[in-house]
Amino acid sequence: MDPNQPITENYANPKTCFFHVLFKAGALAFYILSALFLSNFVIIFVVTVLLAALDFWVVKNVSGRILVGLRWWNEINDLGESVWRFECLDQESLARMNKKDSWLFWWSLYLTAVAWIILGIFSLIRFQADDLLVIGVCLTLSIANIVGFTKCQKDAKKQIQAFATQTIASRFSSTLQSAFSVV
């Protein structure tokens, strides 16, 4: 082995990465292949949406936490308003997140939505309203995760900036206090 050769980083969570991609690929593959081999719309709809729902759940509740350290949910408050809630790991833990895991998470999240959009365009061109229903449900679940995790990531960055600002301000004030207490 050449000592000058850069060491490539492996996936820190290969099982989580596998399941993160499995249901996405499963839903897309079943939908595409079922058009070739099945003519029963109900089976196509149920299985494809079930796989997309499993993907939504795995991404939202498992792989989002493990691969990028983010979690989101939406709840209705007492006034009937929709409120987004976000959780993220602390700054040190986020800095230690595996880059390959994070890359796989974000790219597969966006590419799945793009694939559903392309399939939707093809269904529009072929005037297949039934297929648009399946694609619409799957695309909605995919976009919900994109929106949730994007908002969560932005909220995490704000929290990190606020923490850094607070830490710098407290250190500055303690330095000033110690400087004046000596005098």
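Here, every reference points to the structure presented above.
The structure displayed is predicted, hence computed values, not measured ones.

Trainee: I'm lost on the overall build of the chain in this one. Help?
Mentor: Looking only at helices and strands, the chain has 5 helices and 2 strands in total. Relative to its full complement of 183 residues, the chain shows a buried share of 30%. Partitioning the contacts of the chain with sequence separation of at least 6, the portion at a separation of at least 24 is 70%. Carbon and sulfur atoms make up 67% of the accessible area of the chain, which amounts to about 12100 Å² in all.

Trainee: Would you explain the nonpolar core in this entry?
Mentor: One recurring pattern in soluble globular proteins is that nonpolar side chains are buried together. Ranked by internal contacts, the top residues of the largest apolar core, which has 29 residues, are Tyr-31, Phe-105, Trp-106, Leu-109, Trp-116 and Phe-149. Those elements that place two or more of their residues in this core are α1 (14-37), α2 (41-68), β1 (70-76), α4 (99-125) and α5 (129-182). By residue number, the principal contributor to this core is α2, which donates 8 residues. Ignoring anything within four residues of it in the chain, the contact list for Trp-116 reads Ala-27, Leu-28, Tyr-31, Thr-48, Ile-135, Cys-138 and Leu-139.

Trainee: Would you mind showing me how to read unusual backbone geometry here?
Mentor: Negative phi values dominate among residues other than glycine, just as trans dominates among peptide bonds. One non-glycine residue with positive phi stands out, namely Phe-127, at about 55°. As for its placement among the helices and strands, Phe-127 is situated in the loop between α4 and α5.

Trainee: In this structure, what is going on with α1? I would like to understand it.
Mentor: Quick reminder: α-helices carry 3.6 residues per turn. Residues three or four places apart thus point the same way. Given a rise of 1.5 Å per residue, 24 residues ought to cover 34 Å, and the 32 Å separating the end C-alpha atoms of α1 matches this to within 8%. Within α1, burial applies to Thr-16, Cys-17, His-20, Phe-23, Lys-24, Ala-27, Leu-28, Tyr-31 and Ser-34.

Trainee: Got a minute to help me understand the pattern of salt bridges in this structure?
Mentor: In a structure, side chains of opposite charge can pair up when their charged atoms sit close to one another. Throughout the structure, instances matching the rule amount to 1 salt bridge. The partner of Lys-24 in a salt bridge is Asp-55, with the nearest N and O atoms 2.9 Å apart. Highlighted residues: Lys-24 in helix α1 and Asp-55 in helix α2, separated in sequence by 31 residues. The exposure class of Lys-24 is buried, given its relative accessible area of 4%.

Trainee: How should the environment of Gly-26 be read in this particular structure?
Mentor: When you line up the elements, Gly-26 lands in helix α1. On the accessibility criterion, Gly-26 (23% relative accessible area) is partly exposed. Considering only alpha carbons, one finds Gly-26 and Val-47, 21 residues apart in sequence, at a separation of 9.7 Å.

Trainee: What is the right way to read the packing of aromatic side chains from this model?
Mentor: Given two aromatic rings, their pairing is described by the distance between the two centres and the angle made by the two planes. Enumeration according to the criterion identifies 6 aromatic pairs in this entry. Considering the side-chain rings of Phe-18 and Phe-19, the 5.1 Å spacing of their centres and the 80° angle between planes classify their relative orientation as edge-to-face. For the ring pair Trp-103 and Trp-107, a centre distance of 6.2 Å and an interplane angle of 40° mean the geometry is tilted. Of this pair, Trp-103 and Trp-107 both sit in helix α4, 4 residues apart, which is roughly one turn of the helix. Three or more aromatic residues link up through ring pairs in this structure, and these residues are Phe-105, Trp-106 and Tyr-110.

Trainee: In this structure, what is going on with the pairing of strand β2 (residues 82-88)? I would like to understand it.
Mentor: Consecutive residues of a regular strand have side chains that alternate between opposite faces of the sheet. Alignment of β1 against β2, held across 7 bridges, turns out to be antiparallel. In the sheet register, Trp-73 faces β2, and the bridge partner there is Arg-85. Hairpin connection between β1 and β2: a loop of 5 residues separates the two successive antiparallel strands, and Gly-80 in this loop has a positive phi of roughly 85°.

Thresholds applied
Residues numbered from 1 in each chain as written. Predicted model: local features only at pLDDT ≥ 70, side-chain atom pairs only at ≥ 80, totals over all residues. Heavy atoms only, no water. Helix = DSSP H or I, 4+ residues; strand = E, 2+ residues; numbered from the N terminus. Buried < 20%, exposed > 50% of the residue type's maximum accessible area, 1.4 Å probe, protein only. Contact = heavy atoms within 4.5 Å. Areas by Shrake-Rupley, 256 points an atom, 1.4 Å probe, with all protein chains shown as cover. Core = buried A, V, L, I, M, F, W, Y, C linked by side-chain atoms within 4.5 Å. Expected span 1.5 Å × (residues − 1). Salt bridge = Lys/Arg side-chain N within 4 Å of Asp/Glu carboxyl O. Phe/Tyr/Trp six-rings, centres within 6.5 Å; stacked < 30°, edge-to-face > 60°. Pairing = 2+ DSSP bridges.

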